[in-house]
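# Residue-level structure breakdown
Given next are the chains, with one letter for each unit.
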Amino acid sequence: MARFAMGLRQGQGLPVRTTGMLYSLVGALLLTPDALILRWVAIDHSEVLLWRGVFFSLGFALIVLLRHRTKALRAIVSAGWPGLVSGFFFAMNTYFYTQALQQTGAAAAMMIISTAPVFAAVIAWFWLKEQVSLTVGLTIAMTLLGMAIIVSDDTGVNSLTGNLMAIGCALFMALNFNWARRFAPRDITPGLIFGGLIILAFGWLDTDTVIARHEEIGAMFVSAAIAMPIGFVLLQIAPRYISATEVSLFLLLESIIAPVWVWIGLGEEPSEMTFLGSAVVILALLFYSYQARANSS
């Protein structure tokens, strides 16, 4: 963990773009098992938020301590109001994400969430005046095509409400990445602690009884206190090195891998249309990665 914290502080001496892409890749991969856990737990959405809020707050606080040690409190104060806003965006992203995973098919939810690059690109173009390259534009178009194929699935597994929740998740995710980009190189990631507390408040206000089993609590702890905080911090830092749109593109990996975990763990087999749409998204990510590598060499 000490080596991990040092790597976050120093970037391991890698080139700027390589550092941003590496943080995005590892961060996205760490998020992938969470969909399986959310589909597996047999508790109300409000209790899910309650436990995730507790564990997110703990996980993000530990990461701040590891990264900043005796200067942890100063880092939280330095994040200031931009950190608080980032925490709010994260809380809303989590709220819509958990709703989507519990109300519609895992594959459909994750693929709709993969539209975050579209929102990120539009927000970056409108707000940060960042240009959208031809490579990014083509990748976004291919992503939308893959999403359209999946949403057109008429097997009855999907829910309109759940799909709308997934769109809300993608929107707030894109907002948060652009927010981090706007305040780079300022480190606003300590504000994610407040995001965890907001999620906790959401769950606390709506939870009547706590009925989660020990194994469910344990699984949510591993995901929400360890894997996901590390993943989200990496994704929050990445826009300091590459654009928010590029960071969002790496989340396409989560959209592909997460449903596979659900399939293996719970037997929720994606339909043929989902497989086809996923293949289009994978090709989009491979195309982007190849072009980015070619441009940097």
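Refer to the preceding data block for the structure.
All right, on to the pattern of salt bridges then. A side chain with one charge may pair with a side chain of the opposite charge, provided their charged atoms come close. Across all of its chains, the model carries five salt bridges by this definition. Here glutamate 268 makes a salt bridge to arginine 39, at a shortest N to O gap of 2.7 Å. Linking glutamate 268 in the loop between helix H13 (252–266) and helix H14 (272–296) with arginine 39 in helix H3 (residues 34–40), this pair joins segments that are 229 residues apart in sequence. Using a relative accessible area of 23% as the deciding quantity, one classes glutamate 268 as partly exposed. In this structure arginine 39 comes out as partly exposed when scored by relative accessible area, which is 25%. Linking arginine 213 and glutamate 215 is a salt bridge whose minimum nitrogen-to-oxygen distance equals 3.3 Å. Take arginine 213: its relative accessible area is 38%, and that puts it in the partly exposed class. The exposure class of glutamate 215 is partly exposed, given its relative accessible area of 41%. Each member of the salt-bridge network shares a partner with another, and the members are Arg213, Glu215 and Glu216.

Where helix H6 (residues 106–113) meets helix H9 (residues 160–182), the axes come as close as 8 Å, and the angle between the chain directions of the two elements is 35°. Crossing of H6 over H9 shows right-handed handedness. Between H6 and H9, the residues in contact are Ala108, Ala109, Ile112 and Ile113 and Asn163, Ala166, Ile167, Cys169, Ala170 and Met173, respectively. Taken together, the residues that form the contact of H6 with H9 break down as nine nonpolar, one polar and no charged.

This next bit is on the packing of aromatic side chains. On inspection of all chains with the given rule, the structure shows 18 aromatic pairs. Consider the rings of phenylalanine 89 and phenylalanine 172, whose centres lie 6.3 Å apart with planes at 50°: the pair is tilted. With phenylalanine 89 in helix H5 (residues 72–103) and phenylalanine 172 in helix H9, the pair connects residues that are 83 residues apart, well separated along the chain. No difference in accessibility class separates phenylalanine 89 from phenylalanine 172, as the two residues are buried. Looking at lysine 129, its charged tip hangs above the ring of phenylalanine 126, at a distance of 5.9 Å from the centre.

Taken N-terminus to C-terminus, the directions of helix H4 (residues 45–68) and helix H10 (residues 192–206) make an angle of 160°; their axes are 7 Å apart at the nearest point. With respect to H10, the element H4 is oriented roughly antiparallel. Between H4 and H10 the crossing geometry is left-handed. Contact with H4, carried on its side by Ser46, Leu49, Leu50, Arg52, Gly53, Val54, Phe56, Ser57, Phe60, Ala61 and Val64, involves Leu192, Ile193, Gly196, Leu197, Ile199, Leu200, Phe202, Gly203, Trp204 and Asp206 of H10 and no other residues of that element. Along the lines of polarity and charge, the residues of the contact of H4 with H10 split into 14 nonpolar, five polar and two charged.

Once that is clear, we can look at H6. One turn of an α-helix holds 3.6 residues; hence residues three or four places apart share an orientation. Counting buried positions along H6 yields eight of eight residues, so the element is predominantly enclosed. Inspection of H6 places Ala106, Ala107, Ala108, Ala109, Met110, Met111, Ile112 and Ile113 among the buried residues, and these make up the whole buried set.

Let us now look at unusual backbone geometry. Excluding glycine, most residues fall at negative phi; most peptide bonds, likewise, are trans. The omega torsion of the bond from alanine 184 to proline 185 falls at 5°, within 30 degrees of zero and hence cis. One can find proline 185 in the loop between H9 and H10. You will see that arginine 69, though not glycine, has its phi angle at about 50°, which is positive.

Turning to the environment of tryptophan 51, a few remarks are in order. Assignment of secondary structure puts tryptophan 51 in helix H4. Residue classification places tryptophan 51 among the buried positions, given a relative accessible area of 18%.

This brings us to a nonpolar patch on the surface. A cluster of nonpolar side chains, namely Leu58, Leu62, Leu65, Phe221, Val222 and Ile226, defines an oily patch on the protein surface of about 510 Å² accessible area. Broken down by secondary-structure element, the contributors of at least two residues to the nonpolar patch are H4 and helix H11 (214–237). Relative to the helices and strands, phenylalanine 221 is located in helix H11. Judged by relative accessible area, phenylalanine 221 falls into the partly exposed class, the value being 34%.

Further remarks concern helix H7 (residues 116–128). For H7, the set of buried residues is Ala116, Pro117, Val118, Ala120, Ala121, Ile123 and Ala124. Just downstream of H7, lysine 129 is the residue with a positive phi angle, here 60°.

This brings us to the nonpolar core. Among the nonpolar cores identified, the biggest contains 66 residues, and Phe56, Phe60, Tyr97, Leu101 and Met220 are the most heavily contacted of them. Per-element accounting of this core gives the leading share, twelve residues, to H11. Setting aside anything within four residues of it in sequence, one finds tyrosine 97 in contact with Asp34, Ala35, Leu38, Arg52, Met110, Ile113, Cys169 and Glu254. Listed in part, the 15 residues of the second largest apolar core include Val118, Ala121, Val136 and Leu253.

Definitions and limits used
- Residues numbered from 1 in each chain as written.
- Predicted model: local features only at pLDDT ≥ 70, side-chain atom pairs only at ≥ 80, totals over all residues.
- Heavy atoms only, no water.
- Salt bridge = Lys/Arg side-chain N within 4 Å of Asp/Glu carboxyl O.
- Helix = DSSP H or I, 4+ residues; strand = E, 2+ residues; numbered from the N terminus.
- Buried < 20%, exposed > 50% of the residue type's maximum accessible area, 1.4 Å probe, protein only.
- Axes fitted to C-alpha atoms, helices over the stretch in contact; angles between N-to-C directions.
- Left-handed = near helix turned anticlockwise from the far one by under 90°.
- Contact = heavy atoms within 4.5 Å.
- Nonpolar A, V, L, I, M, F, W, Y, C, P; charged D, E, K, R; others polar.
- Phe/Tyr/Trp six-rings, centres within 6.5 Å; stacked < 30°, edge-to-face > 60°.
- Lys NZ or Arg CZ within 6 Å of the ring centre and 35° of its normal.
- Parallel < 35°, antiparallel > 145°, perpendicular 65-115°, else oblique.
- Patch = residues over 30% accessible without salt bridge, like charges linked within 9 Å, V, L, I, M, F, W, Y side chains within 5 Å.
- Areas by Shrake-Rupley, 256 points an atom, 1.4 Å probe, with all protein chains shown as cover.
- Core = buried A, V, L, I, M, F, W, Y, C linked by side-chain atoms within 4.5 Å.

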